[in-house]
Structures are given as C-alpha cells and as structure tokens.
Amino acid sequence: MLDKNGIARTIARELKDGYYVNLGIGIPTLVANFIPEGMEVQLQSENGLLGMGPFPWEGSEDPDLINAGKQTITTLPGSAFFDSAMSFGMIRSGKVDLTVLGAMEVAENGDIANWKIPGKMVKGMGGAMDLVASARHIVVAMQHVNKAGESKLLPRCTLPITGLACVRKVVTELGVFGFDERGFVLLERAPGVSADYIRERTLGHLSSIGQEPEIQWA
Amino acid sequence: MNKIYADADAAVADIRDGATLMLGGFGLCGIPEHCIAALVRTGVRDLTCISNNAGVDDFGIGLMLKGRQVRKMISSYVGENAEFERQLLSGELEVELIPQGTLATRCMAAGYGMPAIFTPAGVGTEVAEGKETRVFGGKTYLLEMAFHADFALVKAWKADRLGNLVFKATARNFNPLMAMAGKITIAEVEELVEPGDLDANAIHVPGIYVHRLVVGTHYEKRIEQRTVRTPNS
C-alpha cells in the first residue's frame, strides 16, 4: 500500500522535461518533491505565477507571494507573474501539460466530483472546474475509499459533478488506474496489494487480468 | 486632473445601499483592506460583492459579512469563513459560486468592452443550469455574461497621480481585471509616485481605468497560511 508520498512519487513519473504543471492542494502538492534531478518542470499556480519555488525560509515570508492554497512560497529565476484572467487563459487554451488534483469521487467514465457536499460543505469550486474542463492530461490523486470505507471509484458520481469525462488516470494507495470504454482499468498494483483486494474496494467496473505489475519507481 | 482622495473614507463615501462592488484579491493577498475598513465604517448595506473569496471571520470581506452589509456574494471559493457559512446555511446571505476562471474572465470581458464570453468550465455541472450553450469544434461551451460593477475596489503596489498602476507578485490576481471593469474604480496603493517615475513599459493598468486613488499606510497584509522551509525539509 502507498502512503501519500508514494502516491505523489507515482504521479511524478508522468512528468517530462519542459512540462508546465498545475498541482492542486493536498497530495498533489507533494508531487513537486519528486521532480527528477535535471528535469526542468515549471509549476503553475492559478493565482498568477509560473515557476513556483519552495516555501520561504522563516523570516522571509512575503504576504504578497502565495500559491493557490494561500501558502507563502517563493519564486525561482525565470518566474513570471500574471493576472487571474491570463492564468486561466493558459489553462483554457491547453498550455498546461499536466494537472494533478484531488477528488471525492471519480466515475468509470472519467467524471469527477470534488467541490461540494450538498447540505454539508459549502466551499466552492475555486479553479477546479476550469482546470478539468480544459487540461489535456488530468491525473487524480486520492484515497481509494472514503472515511466510511466506501469506494470513491464509482459507476457514477453521487456528488455534484466538477467536470465530465475528463480524468485520464487515478492514483490511490492501492494502485494506478486508467480508463477504457467499459470503465476503470487496473494498470499497476501498489506493493503488496492483490488485484482481488483492489476489486473488492472498487465499486465502478474494473478491468483486471490479475497479473498487473507492482508500481516501480525509477 | 485630481484623482487623489484624502483617505479611504472619502473615496468610498458615495457608495450607497444596494451597490454592486468588485473587490480584488486572492484569499487575503492583494485585498483593498483600507477601503473595506472604510466601508465597514460607513455601514452601507445590501451590497452585492464580486470577489474571488469572502475573507476570513475577522479580516477582509469577513468584516463586512459580520456587519450584515452584504446581501449577495459572487465568489469561487469561500471555505475559510465560518460566519459566511452560517449566513449561507440560514438563508441570510445569497451566494453564487462560479468557477474561478469564469469569474476572472467575466471581469476581463467588462474591461475589454465585450458583453459575454464562452467557456467550457462548468459544462455538465450545476453551474450550467439555465445557461445558453454552444458547440465550437465539437466541444460545448457556456455563455457567461460580463460582470458590471458600480465600483471596483482594488489594491495596487504603486501608482502615479494619473492612476497608472503596478502590482506586486501574486497580489496582482484579480486586481487589474476588476480595475478595468468598474464604472468607478478606486485604487488604494502603498506608494504614490510622480508621473514618469513608473516605467511606461511596465504599467499593468493604464490610468484611464482608474478614477480614484488612495494612499494606504500601515498595511496589515495578513498571511492565511504561513508556510516555511526548515533546514531539515
């Protein structure tokens, strides 16, 4: 089974040199820690920054310099600032190569729900609807089951939708999942987790030959 | 030409009950904190506020919510404000949640003199309910109308007295778009300089969009999530 860093490290294998990447809040943020040495990847923060750097050293925090999670951050040589319309312009026009975000539910057709629990949570969608409507390659990082132990990989989303048929890949603590015309496809298993174990915890249709390889990191 | 007002109180004095306002900022970063404080002092009510976020309980737009000055909020993310959530669930506050890029681009459209935009954000979701759609190149888009505001309240880093604005780092966010969209735009700035002191190549919003200027002092610039590196991390 993967921990949060394991999920992030697995997703980091999607990165390629020269990529522009938007990382959502939570596990997706950790992907930045696994960018391979020597690979040039630019992180986009949708509040108006390309080339996001690490957190500042204590004492050098700048309230005017934050990421989309409202955390204090830094720039890097070559960073660029822009307004929110340009930020979503680069997202909408498909310039961002990879988007990684969390989800409450993913459906077997690639629908995603991650912004609202009716009657319970009213926070808003932020930039998620814009990202999932336009990004070329969308990877979801999430736990396989919710706190009640129910599968988050479903035949259909039960919560309000964020975007339709947009997710290309899902990485959970149990494995890596793609999609075909029938539903989820198990691509790799987390170390020590059997295909049967994964199937028992997946409510959506899951194709598996039972012999999928375990996840390996370079 | 005199755009300079003595203080934020003078600049917002003619904002009346029922007005529609745009307020710049992302979270608490780049918010017009002096103009918000002045609005709280005027006690103006029944406001419609277009702003990406709604502040926190005791800072930013949260202060206006606490005073029940806001009738309707149009935002993309409001997760940091318990009083906001209480007023929403009790029905005291009307809220329209819209995608962040849609919010930005609807402001942009107003400043560019365009009545509407098409965006794929929200297609197939409850955001699309009742909205016109159109297919371009096989992909469905929503028709979203430009936002108009009686007043735009923005925060800039520097201005000259002609109203040319320069923003700092990610405090830029929605501020230039809203500055361009307001019927009357009030910019509060940290530093006022002489015409010619700002590099004409590096002006983010030209002064034609800016009607009133206020120089703010003692900015609190509260940080929502103070995250730092440690030697071990």
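Look up a bit, the structure's there.
Model, not experiment: these values are computed from the prediction.

Novice: Before we go on, may I ask you to explain the overall build of chain A in this structure?
Specialist: If you tally the helices and strands in chain A, you get five helices and 15 strands. For 218 residues, the compact-globule estimate of 2.2 N^0.38 gives 17 Å, and the C-alpha radius of gyration of chain A, at 17 Å, lies within 12% of that figure. When each of the 218 residues of chain A is scored for burial, the buried share is 58%. Counted over contacts in chain A with a minimum sequence separation of 6, partners at least 24 positions apart contribute 61%. When the accessible surface of chain A is summed, it comes to about 9,400 Å², and 52% of that surface belongs to carbon and sulfur atoms.

Novice: Explanation requested: the overall build of chain B in the structure shown.
Specialist: When helices and strands are counted, chain B shows six helices and eleven strands. The C-alpha atoms of chain B give a radius of gyration of 18 Å, which matches the 17 Å a tight globule of 233 residues would have. Along the longest, intermediate and shortest principal axes, the C-alpha atoms of chain B span 55 × 50 × 40 Å. Residues counted as buried form 55% of the 233 residues belonging to chain B. Within chain B, contacts between residues at least 6 apart in sequence are counted, and of these 70% link residues at least 24 apart. Here chain B displays about 9,500 Å² of accessible surface, and carbon together with sulfur accounts for 49% of that area. Within chain B, one finds 24 positive and 28 negative side-chain charges whose respective centroids are separated by 2 Å.

Novice: What is the right way to read the sheet that holds strand β5 (residues 98-101) of chain A from this model?
Specialist: For sheets, the rule is that strands pair by backbone hydrogen bonds, running either parallel or antiparallel. Residues and elements named next belong to chain A. Taking strand neighbours across the sheet as the criterion, the ten strands line up as β4-β3-β2-β1-β5-β10-β12-β13-β14-β15 in an open arrangement whose pairing is mixed. On the outer flanks of this sheet lie β4 (75-81) and β15 (206-207), each paired with one strand and no other. Pairing geometry for strand β14 (residues 183-189) and β15, over two bridges, is parallel. Looking at β15, one finds that V185 is bridged to S207.

Novice: In this structure, what is going on with the environment of G51 of chain A? I would like to understand it.
Specialist: Residues and elements named next belong to chain A. By the secondary structure assignment, G51 is in strand β3 (residues 49-52). Given a relative accessible area of 5%, G51 falls into the buried group. For the pair G51 and G110, spaced 59 residues apart in sequence, the C-alpha separation works out to 29 Å. Apart from the residues within four sequence positions on either side, G51 is in contact with Q42, L43, T75, L76 and S79.

Novice: Sorry if this is basic, but what is going on with the side chain of E33 of chain B here?
Specialist: Residue and element names in this part refer to chain B. Mapped onto the elements, E33 comes out in helix α2 (residues 33-42). Buried and unpaired, E33 has no salt bridge, with K155 as the nearest side chain of opposite charge at 7.3 Å. A distance of 3.0 Å separates a polar side-chain atom of E33 from the backbone nitrogen of K221.

Novice: What should I look at first to understand the interface of chain B and chain A in this one?
Specialist: Quoted interface sizes are often the accessible area lost when the parts come together. Listed per partner, the contact involves 51 residues of chain B and 47 residues of chain A. Contact with chain A buries surface across chain B, with T170, T227 and R229 of chain B losing the most and accounting together for 17% of the total. The salt bridge partner of K221 of chain B is D64 of chain A, with a shortest N-O separation of 2.5 Å. Linking chain B with chain A are 25 residue pairs in polar contact (both at pLDDT 80 or more). Split by residue class, the side of chain B that touches chain A holds 23 nonpolar, 17 polar and eleven charged.

Novice: Can you walk me through the nonpolar core in this structure?
Specialist: With 48 residues, the main nonpolar core has I11, V21, V31, V106, I112 and V140 of chain A as its most contacted residues. At four residues, the largest contribution of residues to this core is made by strand β10 (residues 138-141) of chain A. The contacts of V31 of chain A, once residues within four sequence positions are left out, are A8, I11, A12, L15, L23 and V100 of chain A. In this structure, L47, L97, V127 and V214 of chain B belong to the second largest nonpolar core, which totals 41 residues.

Novice: Even after reading the chapter, I still don't get the packing of aromatic side chains, so can you show me in this structure?
Specialist: Geometrically, a pair of aromatic rings is defined through the distance of the ring centres and the angle of the planes. Scanning the entire structure with this criterion turns up three aromatic pairs over all chains. Aromatic pair F118 of chain B and F136 of chain B: ring centres 5.0 Å apart, planes at 70 degrees, arrangement edge-to-face. Remark: F136 of chain B occurs in strand β6 (residues 133-136) and F118 of chain B occurs in strand β5 (residues 116-119); sequence separation between them is 18 residues. You can call F118 of chain B partly exposed: its relative accessible area is 32%. For F136 of chain B, a relative accessible area of 33% corresponds to the partly exposed category. Here the aromatic residues F118, F136 and Y141 of chain B are joined through ring pairs into a cluster of three or more. Residue placement shows K70 of chain A over the ring face of F26 of chain B; its charged tip is 5.3 Å from the ring centre. One cation-aromatic arrangement involves R201 of chain A over Y197 of chain A; the distance from NZ or CZ to the ring centre is 3.6 Å.

Novice: Mind showing me how you'd approach the pairing of strand β1 (residues 20-23) of chain B here?
Specialist: Walk down a regular strand and you will see the side chains alternate between the two sheet faces. All names here are of chain B. Side chains T20 and M22 project from β1 onto one buried face, and the interleaved L21 and L23 project onto a second face that is buried too. Handedness of the crossover is the feature at issue here: the chain leaves β1, passes through α2, returns alongside strand β2 (residues 47-50), and the resulting connection is right-handed. As judged from the three bridges shared by β1 and strand β8 (residues 149-160), these two strands associate in the parallel manner. Paired with L23 across the strands is L153, a residue of β8.

How each quantity is defined
Residues numbered from 1 in each chain as written. Chains lettered and ligands numbered in written order. Predicted model: local features only at pLDDT ≥ 70, side-chain atom pairs only at ≥ 80, totals over all residues. Heavy atoms only, no water. Helix = DSSP H or I, 4+ residues; strand = E, 2+ residues; numbered from the N terminus. Rg over C-alpha atoms; globule rule 2.2 N^0.38 Å. Buried < 20%, exposed > 50% of the residue type's maximum accessible area, 1.4 Å probe, protein only. Contact = heavy atoms within 4.5 Å. Areas by Shrake-Rupley, 256 points an atom, 1.4 Å probe, with all protein chains shown as cover. Lys, Arg positive; Asp, Glu negative; His and termini not counted. Charge placed at Lys NZ, Arg CZ, Asp CG, Glu CD. Pairing = 2+ DSSP bridges. Salt bridge = Lys/Arg side-chain N within 4 Å of Asp/Glu carboxyl O. Polar contact = N/O pair within 3.5 Å; in protein donor to acceptor, adjacent residues only side chain to side chain. Buried area = accessible area lost by both parts, 1.4 Å probe. Nonpolar A, V, L, I, M, F, W, Y, C, P; charged D, E, K, R; others polar. Core = buried A, V, L, I, M, F, W, Y, C linked by side-chain atoms within 4.5 Å. Phe/Tyr/Trp six-rings, centres within 6.5 Å; stacked < 30°, edge-to-face > 60°. Lys NZ or Arg CZ within 6 Å of the ring centre and 35° of its normal. Right-handed = clockwise from strand over helix to strand, strands pointing away.

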